[in-house]
Amino acid sequence: MSRERIVSGEQVTPEEDKIQLSLRPKKLSEYIGQKEIRGKIEVALQAAKKRSESCEHILLYGPPGLGKTTLAHIIANEMGSKLYATAGPALQRTGDLMGILTNLNDGDILFIDEIHRLSATIEEFMYPAMEDYKVDFVVDKGAFAKVINVPLKRFTLIGATTRAGMLSAPLRDRFGLYYHLDFYPPEELKEIVIRSARLLESEIDDAASETISIRSRGTPRIANRLLRRVRDYADVKFDGLINEDIAIKALDAEGVDTLGLDNLDRKLLEVIIQFYKGGPVGIEALAATLNEEVDTLVDMVEPYLLKNGFVQRTKRGRMVSDKAVKHLGQILPNNSDQQSLL
Ligand code: ADE
């Protein structure tokens, strides 16, 4: 099972989806972490409000689960505006987008998740919409084709992406504000776990919230999911109170180890060590050996492993670090390929 399917919610029951939504902060003041970004967003929103203008277009980028969607909803809430949410792959025809854009009012927010996956046609259609609040819409075909110029209201586009590098320069340049969300330190994740436990009316002690935060791969969405698994475990096997011992047992049972690596993380590291003698190995070969999509590895798995020095990226591919080899209790086979790279 790919991590994408787990985190994007397909494997999650509607009840769990509802819980996840209920844990989302609704105001900037409730949002924990990303202090610098919060400060900048606060200034941008206050400036727009003071001038009675709509906010400039905003690009949020960073690994999944760090709060891009949550921030978009918070921005809409703080501006007192409506939010329309869609995603890059869902926008196939200009007609789809035309319907959405012409229904937006002044100050409304259009949130496009995975904006790096917009088709070139849709992307070009967006340029005048973003820059001049108008669209050039082609009606009819062949000799009867006409371009009609449709004015739009002053909406705000919030784009979210895990891959800012895949955005074309003309699209990127049309965002006035861009913010990079980075992984959260354990102290902030701990605060998020404590807040979520309070909202779920679960009793959790300090050490247990720390254990969950350390094993959450720097990601609030994972912290909240692990909290719910630990809460299930405490409710079913004990009396509901979550202490450190119960948190450790529940997380071990989930396959989440002491540094937060899950089965797929460990499998990826083990494959590089055992199949490719520690690397270097290209991402396509790695994905094929693991029977996973390249995008799943690049978007979901690698960022945390790179950030924490388990994997290194070289010109010739991915390599594991000593830290990863030691953590997995493995011994690296002899590999002459590595000498020239280190
Ligand atoms: N839930 C998920 N992300 C959060 C955050 N950054 N602050 C508070 N609660 C959250």
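Reference entry: report on the structure contained in this document. (Residues numbered from 1 in each chain as written. Predicted model: local features only at pLDDT ≥ 70, side-chain atom pairs only at ≥ 80, totals over all residues. Heavy atoms only, no water.)

**Concerning the nonpolar core**
- Ile212, Leu268, Leu269 and Leu286 are the most contacted members of the largest nonpolar core, which has 71 residues in total.
- Counting residues in each nonpolar core, the second largest holds 26 residues, with Met126, Met130, Leu167 and Leu171 among its members. (Core = buried A, V, L, I, M, F, W, Y, C linked by side-chain atoms within 4.5 Å. Buried < 20%, exposed > 50% of the residue type's maximum accessible area, 1.4 Å probe, protein only.)

**Considerations on unusual backbone geometry**
- Note that the residue after Gly279, namely Pro280, is joined by a cis bond; omega there is 10°.
- Tracing the sequence through the fold places Pro280 in the loop between helix H12 (263-274) and helix H13 (283-290).
- Of note, the phi angle at Asp140 is positive, near 65°, even though the residue is not glycine.
- Here Asp140 shows up in the loop between strand E4 (134-139) and strand E5 (146-151).
- Judged by relative accessible area, Asp140 falls into the partly exposed class, the value being 49%.
- Even without a glycine there, the phi angle at Lys277 is positive, about 50°.
- As for its placement among the helices and strands, Lys277 is situated in the loop between H12 and H13.
- Using a relative accessible area of 42% as the deciding quantity, one classes Lys277 as partly exposed. (Helix = DSSP H or I, 4+ residues; strand = E, 2+ residues; numbered from the N terminus.)

**Observations regarding the site of the ligand**
- Close to the ligand lie Leu23, Pro25, Glu30, Tyr31, Ile32, Tyr184, Ile192, Arg195, Pro220 and Asn224.
- Separating a nitrogen atom of the ligand from a backbone N or O atom of Ile32 is a distance of 2.8 Å.
- At 3.3 Å from a nitrogen atom of the ligand is found a side-chain nitrogen or oxygen belonging to Arg195.
- Here the ligand, which alone exposes 260 Å², has 95% of that area covered by the protein.
- Elements supplying a minimum of two residues to the shell around the ligand: helix H8 (186-199) and helix H10 (220-237).
- For the shell around the ligand, the residue count by class is 7 nonpolar, 1 polar and 2 charged. (Near = heavy atom within 4 Å. Polar contact = N/O pair within 3.5 Å; in protein donor to acceptor, adjacent residues only side chain to side chain. Areas by Shrake-Rupley, 256 points an atom, 1.4 Å probe, with all protein chains shown as cover. Nonpolar A, V, L, I, M, F, W, Y, C, P; charged D, E, K, R; others polar.)

**Comments concerning the packing of helix H2 (residues 14-23) against H10**
- Relative to each other, H2 and H10 sit at 125°, their axes nearing to 11 Å. What the angle tells us is that H2 and H10 run oblique. Of the two possible hands of crossing, H2 and H10 adopt the one that is right-handed. For the pair H2 and H10, contact is made by Glu16, Ile19, Gln20 and Leu23 and by Arg221, Asn224, Arg228, Arg229 and Arg231, respectively. (Axes fitted to C-alpha atoms, helices over the stretch in contact; angles between N-to-C directions. Parallel < 35°, antiparallel > 145°, perpendicular 65-115°, else oblique. Left-handed = near helix turned anticlockwise from the far one by under 90°. Contact = heavy atoms within 4.5 Å.)

**Structural notes on helix H4 (residues 68-79)**
- With 12 residues, H4 should reach 16 Å at 1.5 Å per residue; the first-to-last C-alpha distance of 17 Å fits that figure.
- If you check which residues of H4 are buried, you get Lys68, Thr70, Leu71, Ala72, Ile74, Ile75 and Ala76.
- Along its buried surface, H4 packs onto helix H3 (35-50), strand E1 (58-61), strand E2 (83-87), strand E3 (109-113) and strand E6 (156-161).
- Just beyond H4, the residue with positive phi is Gly80, at close to 65°. (Expected span 1.5 Å × (residues − 1).)

**Topic: H2**
- All buried positions along H2 are accounted for by Glu16, Ile19 and Leu23. Down the axis, H2 shows its buried residues gathered within 55° of arc, on one side only. In this structure, H2 carries Pro14 and Lys18 as exposed residues pointing more than 90 degrees from its buried face.
- Structurally, H2 contributes buried residues whose contacts are with H8 and H10. (Arc of directions from axis to C-beta.)

**Digging into the pattern of salt bridges**
- Taken as a whole and assessed by the stated rule, the structure comprises 19 salt bridges.
- Between Lys40 and Glu36 there is a salt bridge, and its shortest N-O distance comes to 3.9 Å. With Lys40 and Glu36 both in helix H3 and 4 residues apart, the pair spans about one turn of that helix.
- Assessed through its relative accessible area of 62%, Glu36 is described here as exposed.
- Several salt bridges share partner residues, and in doing so they unite Arg163, Asp295 and Asp299 into one network. (Salt bridge = Lys/Arg side-chain N within 4 Å of Asp/Glu carboxyl O.)

**Some thoughts on the sheet that holds E3**
- In spatial order, the strands read E2-E3-E6-E1-E7; together these 5 strands make up an open sheet with parallel pairing. The strands lining the two open edges of the sheet, one partner per strand, are E2 and strand E7 (177-180). Across the sheet, the mean angle separating the axes of adjacent strands is 15° when strand polarity is ignored.
- When E2 meets E3, the two strands line up parallel, connected through 5 bridges. For Ala85, the partnering residue across the bridge sits in E3 and is Phe111. (Pairing = 2+ DSSP bridges.)

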